[in-house]
Amino acid sequence: MIKTKNMLLNIQDLKAQIEDKEILKGINLQVNPGEIHAIMGPNGSGKSSLASVLAGREQYTVTGGEVTFDGKNLLDLSPEDRAREGVFLAFQYPIEIPGVSNINFLRTALNEIRAYKGEPALDAKEFLRLTKEKQKLVEFDAKLVNRSLNEGFSGGEKKRNEIFQLAMLEPKLSILDETDSGLDIDALRIVANGVNKLRSDKNAFILITHYQRLLDYIVPDFVHVLYEGRIVKSGTKELALELEEKGYDWLKETVNSEAV
Amino acid sequence: MKDSNTILDEFQDKEYEFGFATNIEMDIIPKGLDEDTVRYISEKKEEPQWLLEWRLKGYNSFLKHPEPHWQNFELPKVDFQNISYYAAPKSKKKYNSLDEVDPELLATFEKLGIPLTEQKMLAGVAVDAVFDSVSIATTYKKTLNDLGIIFCSISEAVREHPELVQKYLGSVVPHSDNIYAALNSAVFSDGSFVYIPKGVRCPMELSTYFRINAENTGQFERTLIIADEGSYVSYLEGCTAPRRDENQLHAAVVELIALENAEIKYSTVQNWFPGDKDGKGGIYNFVTKRGICKGAHSKISWTQVETGSAITWKYPSVILQGDYSSGEFYSVAVTRNKQIADTGTKMHHIGKHTKSRIISKGISAGQGNNSYRGLVQVGAKADFARNFTQCDSLLIGDQCGAHTFPYIESRNNTATLEHEATTSKIGEDQIFYLNQRGIDTEKAVALIVNGYAKEVLNQLPMEFAVEAQKLLSISLEGSVG
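Note that the coordinates shown come from a computational prediction; the quantities given were computed from them, not determined experimentally.

J.: Sorry if this is basic, but what is going on with the overall build of chain B here?
T.: Check the secondary structure of chain B and you find twelve helices and 23 strands. Put simply, chain B has 481 residues, and 56% of those count as buried. Considering only intrachain contacts with a sequence separation of at least 6, the fraction spanning at least 24 residues in chain B is 84%.

Given below as structure tokens:
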């Protein structure tokens, strides 16, 4: 096992299944603070599954491998403890929760995370100040802050709310699961700007995406191609451009011929 | 990670938080019910002849009434002869201050968080504490006195204000209304009485905490609230009961009378012992609650948060007699383990331009069964009556049930009646979403449920709303894995 002192996420030969069907067949990935990784790949290759497994979704059973996050065994932690340790998943389809205001939800979440770290709860004034600051930073509509969580939000508003939450909770590792899908070009730019403002040398991002378009705005340090539950190719942002040009078929052929 | 079953098991084994009994000498009459029991109670309470006669009429109605059979649950056999119909703490002293009250009793109240000893802190809440059947202490009397507001036990009202009691007692819920109301009329022990004079706006929430304490003693509270012309009152009723092994019948009657331009707001938070995980030992809460908007432009609003009792069976109703009068019913009912709730409301539109609004939120968890039953009735003369009904059900787990029985009877074609209903389930997706933001499952359920019930909780006065929110969270702890 690779031991790097300041490595944030270390995935070693991760295997997982859902309803007896193996989805992840041995993933290896290392993420250091300050890095942005893009994971691309055709539909059904396991991209969202990888995000779900890292976040601890119960439907998935891990059948092999190890995941170390910030020195801890991530797979031992409950979903809420993973979040408290600093793993944030921006959902592909954010969930609506009627009657629960966005702001009340965020305050609960933030204070739960603070309590876990042994920090005192933010008082109302500090919390509001923080909300205002972050809402401006990621250009999130102030009106949506007080509405019920995602209820009646448009697809774009939901995605932007994910980035707003990300800004509020300041995670160490953010996994954006197809955050760009369904966004028009303006919304995409706003989301990307948000991420660019939030990135630092202390945090890291994993961008799961189908399209190279997002990577025009958020420039990744590494690009990985996931196919049939394995990372079959890794490279820099040029790989994304190559994929955009050639599609995935040439990769599939390479992989399949290697498998034979 | 624990699977859902482990969490569910742990949760179901949880003891009822308020299960303790107070050890005070009680004055209890032998079990059983006949005409002599009724006479004994009346005599013990030194009541006037007219009241004794009225009680006896109630007793006779009770004998004639069959037990109802239309409810959506199996009615357990209640042995009316195995109940003691009168219990009072032995000391008969009147208390001038709280210092004189039995310390153990005060300690009990304290455990329940009743603000008797903290009145100053909680200024704005006057408490008429009912311990079993006799009122122990009444606070804030003077402030209310100065405004001419009467807030006392019904026994005291019978002595001090017989003309009001005689005029209104049984005028909304007659002694012959139903078997439990008839029983209550015959043997009611005590309860609260409120009279708000013309044009007076009661400056504080009036609040009564009921508490069933003596073993095997049925509770038969009688509450009568009269809001005279142009007056306003908000009344709070909150309940917790100690743990008992045998079922206890609670058959209260609440009557509200709103005269012209008057408004009554009646809020209940009910948290009686629901029985153990097999449904054994809980309270049967068979209550008749009804109000009448007698005068034009009057308003009655019922808000209830029902989390306790083995069986909750009640339909707080409004008779909309005055033109332009309005009735409201806001309800959250929670059932888990083997709890049953069959609750809803009846809105009787009699006057012209009368309005009613019904918001019912049922929450079922475990093997709980929750039924909404409502009647909206528009009479021939109730021109331009309007009703809006919304009944929602929230299911937690896959062994619970939610049922809706809406009845609409309209004899006037100018009426506008709307009915909306939804059923939803707390989704694993919702829980996971909140988990992923650092919120554990228990808190997540509490958030979701409180969001779901918000429309009703918002109707409660501030101090009650906070309590109700906590109660909802506590009562659903661990119901989702």
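That was the structure; now back to the text.
J.: Honestly, the sheet that holds strand β11 (residues 222-227) of chain A in this entry has me stumped. Any pointers?
T.: Strand pairing in a sheet is mediated by backbone hydrogen bonds. Such pairs are either parallel or antiparallel. Residue and element names in this part refer to chain A. The mixed open sheet is built from six strands, whose spatial order is β6-β9-β10-β3-β11-β12. Single-partner strands in this sheet number two, and they are β6 (87-90) and β12 (230-235). Averaged over all pairs of adjacent strands, the angle between strand axes in this sheet comes to 20 degrees, irrespective of strand direction. Two elements, β11 and β12, share five bridges in a ladder whose sense is antiparallel.

J.: Help me understand the interface of chain A and chain B in this model?
T.: For interface size, the figure often reported is the accessible area lost on association. Taken together, the contact between chain A and chain B spans 23 residues of the former and 17 residues of the latter. Sorting the residues of the side of chain A that touches chain B by element identifies α2 (79-85), β7 (97-101), α3 (102-116) and α6 (155-169) of chain A as the ones contributing at least two each. Per-element tally for the side of chain A that touches chain B: the top contributor is α3(A), with six residues.

J.: Got a minute to help me understand the environment of L14(A) in this structure?
T.: Residues and elements named next belong to chain A. Along the chain, L14 falls in strand β1 (residues 9-18). Linking L14 and L137, residues 123 residues apart in sequence, is a C-alpha distance of 36 Å. If near-sequence neighbours (up to four positions away) are discounted, L14 is found in contact with L24, G26, I27, V53, G65 and V67.

J.: Quick question: what am I supposed to make of the nonpolar core here?
T.: One recurring pattern in soluble globular proteins is that nonpolar side chains are buried together. Membership of the largest hydrophobic core comes to 184 residues, with the highest contact counts inside it found for I175(A), V194(B) and A227(B). Excluding residues that lie within four positions of it along the chain, V194(B) makes contacts with I150(B), F151(B), L206(B), I225(B), I226(B), V233(B) and Y235(B).

J.: Got a minute to help me understand the sheet that holds strand β4 (residues 60-69) of chain A in this structure?
T.: All names here are of chain A. Taking strand neighbours across the sheet as the criterion, the four strands line up as β2-β1-β4-β5 in an open arrangement whose pairing is antiparallel. The open sheet has two free edges, formed respectively by β2 (21-31) and β5 (72-73), since each of these has just one partner strand. Examined bridge by bridge, β1 and β2 share eight bridges and lie antiparallel to one another. Pairing of N10 across the sheet is with Q30, part of β2.

J.: Just checking my understanding: could you explain unusual backbone geometry for this structure?
T.: Outside of glycine, negative phi angles account for most residues, and trans bonds account for most peptide bonds. Residues and elements named next belong to chain A. For D20, which is not a glycine, the phi torsion comes out positive at approximately 65 degrees. Locating D20 in the fold gives a position in the loop between β1 and β2. Non-glycine residue E139 carries a positive phi angle of around 55 degrees. For E139, the position within the fold is in the loop between α4 (124-137) and α5 (142-145). Judged by C-beta crowding, with 16 C-beta atoms within 10 Å, E139 ranks as partly exposed.

J.: Mind showing me how you'd approach helix α10 (residues 441-452) of chain B here?
T.: Residues lying three or four places apart along an α-helix face the same way, a consequence of the helix completing one turn every 3.6 residues. Residues and elements named next belong to chain B. With twelve residues, α10 extends 16 Å from end C-alpha to end C-alpha; this agrees with the ideal 16 Å at 1.5 Å per step. Among the twelve residues that make up α10, ten are buried, leaving the element largely enclosed by the rest of the structure. For α10, every residue scored as buried is listed here: T441, A444, V445, A446, L447, I448, V449, N450, G451 and Y452.

J.: Can you help me understand the pairing of strand β15 (residues 311-314) of chain B in this one?
T.: All names here are of chain B. Because side chains alternate across β15, one face comprises the buried residues I311 and W313, and the other comprises T312 and K314, equally buried. As defined by bridge partners, strand β13 (residues 283-293) adjoins β15 across four bridges and the pair is classed as parallel. Counted as the bridge partner of Y284 is I311 from β15. Strand direction decides the pairing type here: β15 and strand β18 (residues 340-349), joined by four bridges, are parallel. Counted as the bridge partner of T312 is A341 from β18.

J.: Any chance you could explain the packing of α6(A) against helix α7 (residues 185-198) of chain A here in plain terms?
T.: A pair of packed helices can be characterised by two numbers: the angle between their axes and the separation between those axes. Residues and elements named next belong to chain A. Running from N to C, α6 and α7 cross one another at 10 degrees; their axes reach a closest spacing of 10 Å. One way to sum up the angle between α6 and α7 is to call them roughly parallel. Contacts between α6 and α7 involve G156, K159, R160, I163, L166 and A167 from the first element and A187, I190, V191, G194, V195 and L198 from the second. In the contact of α6 with α7, the residues fall into eight nonpolar, two polar and two charged.

J.: Is there a simple way to think about the environment of S298(B) in this case?
T.: Within the fold, S298(B) resides in the loop between β13 and β14 (299-306). Residues within four places of S298(B) in sequence aside, it is in contact with A258(B), L259(B), E260(B), N261(B), A262(B), E263(B), C293(B), G322(B) and S325(B).

J.: Would you take a moment to explain the confidence of the model for chain B for this structure?
T.: Low-pLDDT stretches of the model should not have their predicted coordinates read in fine detail. Residue and element names in this part refer to chain B. Residues with a pLDDT of 70 or more make up 77% of chain B, whose mean pLDDT is 80. A low-confidence stretch, residues 1-15 stays under pLDDT 50, and its non-local contacts, those more than four residues away or across chains, total 20 contacts. Scored below 50 in pLDDT, residues 210-217 makes 30 contacts in the model with residues more than four places away or belonging to other chains.

Analysis parameters
- Residues numbered from 1 in each chain as written.
- Chains lettered and ligands numbered in written order.
- Predicted model: local features only at pLDDT ≥ 70, side-chain atom pairs only at ≥ 80, totals over all residues.
- Helix = DSSP H or I, 4+ residues; strand = E, 2+ residues; numbered from the N terminus.
- Buried ≥ 20, exposed ≤ 12 C-beta atoms within 10 Å, placed from the backbone.
- Contact = placed C-beta atoms within 7 Å.
- Pairing = 2+ DSSP bridges.
- Axes fitted to C-alpha atoms, helices over the stretch in contact; angles between N-to-C directions.
- Core = buried A, V, L, I, M, F, W, Y, C linked by C-beta atoms within 7 Å.
- Expected span 1.5 Å × (residues − 1).
- Parallel < 35°, antiparallel > 145°, perpendicular 65-115°, else oblique.
- Nonpolar A, V, L, I, M, F, W, Y, C, P; charged D, E, K, R; others polar.
- pLDDT = per-residue confidence, 0-100.

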